[in-house]
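# Residue-level structural notes
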Amino acid sequence: SIDIEGLESSTFHKLGKEIIAKVEGVQPSISPMAEDAQALKQQVNQWFEAHLLDNAYKKTVLNYFSQYLYPQTNPFDFKTEGAYLQYISDNEIRTLKGEQVKGWGECLIANHLFKLGVEYVYEARYQHDTRDINFRQYQPDFYLPDYDIYLEHVGIDREGNTAPYVDRELYHAGLKWKRKLHEKHGTRLLETFHYQLTEGCLFSELEKALATFEVEYNPLPEGALLATLVEFGAISQLADLLGNLLKRYRSNCFKREDERLEACIDRADESNQMRAALLLLMPIVEDYESYLAKNNWIDFDDMIGKALTYVEAGRFKPVWQYIMVDEFQDISEPRARLIKALQQASPGCSLFCVGDDWQAIFRFAGSDIRYITKFEQHFGATAMTTLDKTFRFNNSICDVASNFVLKNKEQVQ
């Protein structure tokens, strides 16, 4: 405790809780799930499973798995093969049947064949031996055993260009060799192209090509598709993802049709994927917020969000003339807004913040170093004192660490 008259020390959550208590006249009750992550996870799973009984929600889930489960990254956007392979490794792209594939285009084709009820084998060995001293056995991208058809997804654009890290001449020589091989052995080859994916006509062109070989469809019922996803654990993983998204949504104090939420989506590298995920998330958000309201409970995010609402509405009148915030590099948008609201609601209030953007490591939890790198834009005229000596280690370590941190041009130089 601090016994200096007029001085109060608090965490953000405690401060928010006290603001709520002073406005409402009673101490708020905390949800049991606020401190029990496992209980929250189980409850989100239950809500998710209940929503899956709704046909419209089920369709949205299946659409998410077939279209938006992985970042829709164009292989042509990568400068090196290593960068592309790292992307594939990081995202572990898998089909609806759980197979790990080598690219987003192949994943989409596999999923479409699966939904059409067309049996396929991914990278099956070609039925004739093609091995020699330089090359291993040829394995086309897909084989349709019921029709004895091979399918290759060709990685070229309309002009025949390949990705930057792929030798164009070598790739076309390989493509020519494959076509001649199928012609020589009388095997049937069906081709799709990368440009069909980028132009949005991959599925229609695939179905046209299948029709030329009289391939018949037997589309899988939605229940069967869902059962397959349950079988290899995808539904369970999606429920966990929605639980994490719920926490991020709440920690940012977002609301439906919130301009800040729209701006966040627009800034995202995969805005379409985020919008698709939000369609699945919003019913869970409504379940959670109804649960809190029904029991007259709040959670830790409400401690910030409700307190901010009360301060901005003038229902809480702060009396502090000086506000000091430590570890400011970890500040999130709602907390920064609460600080600014408290400052503005108390005439002549002075704000003093201590932080180091080089030590910011909580972006995953909602922290935003722009509040430190662009402090003056958010809080007005500012005087800055730089602490440029460390007593923790020598210059050799300092130089290496500084060189590494400054690779990010957003850091304070």
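You'll find the structure just up there.
With that out of the way, let us pick up the overall build of the protein chain. Helices and strands together make up the secondary structure of the protein chain, namely 17 helices and eight strands. Its C-alpha radius of gyration of 28 Å places the protein chain more than 25% over the 22 Å reference for a compact globule of 413 residues. If you line up the protein chain on its principal axes, its C-alpha atoms span 95 × 55 × 35 Å. In the protein chain, which comprises 413 residues, the proportion classed as buried is 41%. For the protein chain, the proportion of contacts with a sequence separation of at least 24, taken over those separated by at least 6, is 67%. Put simply, the protein chain shows about 24600 Å² of open surface, and 51% of that area lies on carbon and sulfur atoms. In the protein chain, which carries 45 positive and 62 negative side-chain charges, the distance between the mean positions of the two groups comes to 1 Å.

This next bit is on the pattern of salt bridges. Going through the model one piece at a time under the given rule, you end up with 19 salt bridges. The partner of Asp240 in a salt bridge is Lys41, with the nearest N and O atoms 3.8 Å apart. Here Asp240 is found in helix α10 (residues 234-251), whereas its partner Lys41 is found in helix α2 (residues 37-51), with 199 residues between them in sequence. Its salt-bridge partner being Arg250, residue Glu289 comes within 3.1 Å of it at the nearest N-O pair. Residue Glu289 is located in helix α12 (residues 271-295), and its partner Arg250 is located in helix α10; the two are separated by 39 residues in the primary sequence.

For the rest of this paragraph, the subject is the packing of helix α3 (residues 55-68) against α12. Taken N-terminus to C-terminus, the directions of α3 and α12 make an angle of 155°; their axes are 10 Å apart at the nearest point. Between α3 and α12, the angle is such that the two are roughly antiparallel. As α3 runs across α12, the sense of the crossing is left-handed. Residues Tyr57, Thr60, Val61, Tyr64 and Tyr68 of α3 pack against Asn272, Gln273, Ala276, Ala277, Leu279, Leu280, Pro283 and Ile284 of α12. Classifying every residue of the contact of α3 with α12 gives 10 nonpolar, three polar and no charged.

So, on to the sheet that holds strand β3 (residues 142-144). The strand order across the open sheet formed by four strands is β2-β3-β4-β5, and the pairing between neighbours is mixed. If you trace the sheet from one side to the other, it starts and ends with β2 (121-122) and β5 (188-193), each paired once. Here β3 pairs with strand β4 (residues 149-154) via three bridges, running antiparallel. Following the sheet pairing, Leu144 is matched in β4 by Ile149. Sheet strands in contact with helix α6 (residues 168-185) are β4 and β5, and its direction is about 150° off that of β5.

Only one face of strand β7 (residues 322-325) is buried, namely the one carrying Ile323 and Val325, since none of Tyr322 and Met324 on the opposite face is buried. Relative to strand β8 (residues 350-353), β7 is paired through four bridges, and the arrangement is parallel. Each bridged residue has a counterpart across the sheet, and for Ile323 the counterpart in β8 is Leu351. Considered for its hand, the β-α-β crossover made up of β7, helix α14 (residues 333-345) and β8 is right-handed.

On to helix α1 (residues 12-24). Spanning 13 residues, α1 covers 18 Å between terminal C-alpha atoms, matching the ideal 18 Å at 1.5 Å per step. Those residues of α1 lying buried are Phe12, Leu15, Gly16, Ile19, Ile20, Ala21 and Val23. With its phi angle positive at about 85°, Gly25 sits one or two positions after the end of α1.

In a pair of packed helices, the angle between the axes and the distance between the axes together describe the arrangement. One can describe the packing of α3 onto α10 by two numbers: an axis separation of 12 Å at closest approach and a directional angle of 100°. Between α3 and α10, the crossing angle belongs to the class labelled roughly perpendicular. The segment α3 lies against α10, with Tyr57, Val61, Tyr64 and Phe65 engaging Ala234, Ile235, Leu238, Leu241 and Leu242.

On inspection of all chains with the given rule, the structure shows 22 aromatic pairs. With a centroid separation of 6.2 Å and 65° between ring planes, the pair formed by Trp47 and Tyr291 is classed as edge-to-face. Highlighted residues: Trp47 in helix α2 and Tyr291 in helix α12, separated in sequence by 244 residues. Judged on exposure class, the residue Trp47 and its partner Tyr291 are both buried. Among the aromatic residues, ring-to-ring pairing joins Tyr126, Tyr138, Tyr143, Tyr150 and Trp177 into one connected group. Its end group placed over the ring of Tyr120, Lys97 keeps NZ or CZ at 3.9 Å from the ring centre.

What counts, and where the lines are drawn
Counting starts from 1 at the beginning of each chain's written sequence and moves along it residue by residue. Given that the model is predicted, a residue must reach a pLDDT of at least 70 before its local features are reported, and side-chain atom pairs must reach 80 or more before they are shown or counted; all residues, however, enter totals for whole chains, interfaces and linings. In computing side-chain values, all of the structure's heavy atoms are included and hydrogens and water are not. Where helices and strands are cited, they refer to DSSP runs of H or I of at least four residues and of E of at least two residues respectively, numbered from the N terminus. Radius of gyration here is computed from C-alpha atoms only, and the compact-globule reference equals 2.2 Å multiplied by the residue count raised to the power 0.38. In this scheme, a residue with accessible area under 20% of its type's maximum is buried, one over 50% is exposed, and one in between is partly exposed, where area comes from a 1.4 Å probe on protein chains only. Contacts between residues were defined by any pair of non-hydrogen atoms, one from each residue, lying within 4.5 Å. All accessible areas in this document rest on Shrake-Rupley with a 1.4 Å probe, and a residue is counted as covered only by the protein chains that are shown. Neither His nor the chain ends contribute to the count of charged residues, in which Lys and Arg are positive and Asp and Glu negative. Charge positions are represented by NZ for Lys, CZ for Arg, CG for Asp and CD for Glu. What counts as a salt bridge is simple: a side-chain nitrogen of Lys or Arg found within 4 Å of a carboxyl oxygen of Asp or Glu. The axes are straight lines fitted to the C-alpha atoms, using for helices just the contacting stretch, and the angles between their N-to-C directions are given from 0 to 180°. Note on angle classes: values under 35 degrees are labelled roughly parallel, values over 145 roughly antiparallel, values of 65 to 115 roughly perpendicular, and the remainder oblique. Left-handed is the label given to a crossing in which the near helix is rotated counterclockwise from the far helix by less than a right angle, and right-handed is the label when the rotation is clockwise. All residues other than Ala, Val, Leu, Ile, Met, Phe, Trp, Tyr, Cys, Pro, Asp, Glu, Lys and Arg, Gly among them, are scored as polar; the first ten of these are nonpolar and the last four charged. Should DSSP find at least two bridges between two strands, the strands are regarded as paired. Here, the term right-handed applies to a crossover whose path from the first strand over the helix to the second runs clockwise when the strands point away from the viewer. Between the first and last residue of a helix there are one fewer steps than residues, each counted as 1.5 Å, and that sum is the expected span. Whether two aromatic rings pair depends on their centres lying within 6.5 Å, for rings of Phe, Tyr and Trp, where Trp uses its six-membered ring; planes under 30 degrees apart make the pair stacked, over 60 edge-to-face, and the rest tilted. Criterion for a charge above a ring: Arg CZ or Lys NZ at most 6 Å from the ring centre, at most 35 degrees from the ring normal.

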